[in-house]
Amino acid sequence: MSGERQPVHTGGCQCGAVRYALLAEPADPHICHCRMCQKAFGSFFAPLTGVAQTDFALTRGALAIFRSSDLAERGFCANCGTPLTFHYVDSPRIAVAIGSLDHPELVPPRMQYGTEARMPWFPETGLSSATTEDDMAPERYAAIRSSNHQHPDHDTDAWPPREARR
Ligand SMILES: [Zn+2]
Ligand SMILES: [Zn+2]
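A few points on the structure. Note that the structure is a prediction, hence the values are computed from the model and not measured.

## Some points on the coordination of the zinc ion (ligand 2)
Each donor-metal-donor angle would ideally measure 109.5 degrees in four-coordinate tetrahedral geometry, or 90 or 180 degrees in six-coordinate octahedral geometry. Coordination of the zinc ion (ligand 2) by the protein comes from Cys-32 (SG), Cys-34 (SG) and Cys-37 (SG), over a distance range of 2.2 to 2.3 Å. Expressed as a motif, the donor residue spacing for the zinc ion (ligand 2) is C-x1-C-x2-C. The buried category is assigned to Cys-32, whose relative accessible area is 10%. In this structure Cys-37 comes out as buried when scored by relative accessible area, which is 3%.

What follows is the structure, given as structure tokens:
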């Protein structure tokens, strides 16, 4: 971590083996209801907010990484499993899980994405909405779908899967 820059936010995983600092106010705080975020967080949605990678500093430990598609890396604590980061491999930015901040109440979500997979009972939030498909260029959406490393939503005979892609 650079000497003079003061963290705007600090956070980390449930067990504390991984700690990080955000050196700038994060942008685009949102919840993502997409099926991949649901699985990655074991939840109904993922709460995420992003900074430039140069404004993200690990202050203890290291992230374990799962490549959820050829385009995306999801960082987590290998010791306790807390989901911590989301990063498009071609992007200079990185998002952190808002719930992993030491003060998540300071970063309320302003958008919701991935609404194609939003739980039907999820209450109206008043947040503006976008589906995953609407939120990105068609080629990018296709590239994520065709390189999806997420297991399908049913039992399979073999793992690692030979053809787990939908
Ligand atoms: Zn941990
Ligand atoms: Zn998502």
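Read on for the rest.
## Focus on the pairing of strand S9 (residues 93–97)
In terms of residue burial, S9 counts as a mostly covered element, since 4 of its 5 residues are buried. Pairing geometry for strand S4 (residues 46–52) and S9, over 5 bridges, is antiparallel. Bridge pairing in S9 links Ala-52 to Arg-93. Looking at chain direction, strand S8 (residues 83–88) and S9 are connected through 2 bridges and run antiparallel. Each residue of the ladder has a partner; that of Phe-86, found in S9, is Ala-95. The antiparallel hairpin formed by S8 and S9 contains 4 residues in its connecting segment.

## Comments concerning the coordination of the zinc ion (ligand 1)
Protein coordination of the zinc ion (ligand 1) is provided by Cys-13 (SG), Cys-15 (SG), Cys-77 (SG) and Cys-80 (SG), with donor distances spanning 2.3 to 2.4 Å. In this structure, the zinc ion (ligand 1) is coordinated by 4 donor atoms arranged in tetrahedral fashion, with angles at the metal of 104 to 112 degrees. Each donor residue of the zinc ion (ligand 1) belongs to the same chain, with the gaps between them written as C-x1-C-x61-C-x2-C. Of this pair, Cys-15 sits in the loop between strand S1 (9–12) and strand S2 (19–22) while Cys-80 is found in the loop between strand S7 (72–76) and S8, placing the two residues 65 residues apart along the sequence. Owing to a relative accessible area of 28%, Cys-80 belongs among the partly exposed residues under this scheme.

The rules behind each value
- Residues numbered from 1 in each chain as written.
- Chains lettered and ligands numbered in written order.
- Predicted model: local features only at pLDDT ≥ 70, side-chain atom pairs only at ≥ 80, totals over all residues.
- Heavy atoms only, no water.
- Donors = N, O, S within 2.8 Å, 3.2 Å for Na, K, Ca; no water.
- Buried < 20%, exposed > 50% of the residue type's maximum accessible area, 1.4 Å probe, protein only.
- Helix = DSSP H or I, 4+ residues; strand = E, 2+ residues; numbered from the N terminus.
- Pairing = 2+ DSSP bridges.
- Tetrahedral: all angles 85-135°; square planar, octahedral: opposite > 155°, others 65-115°.

Treat this as a map of the structure, not an account of what it does.
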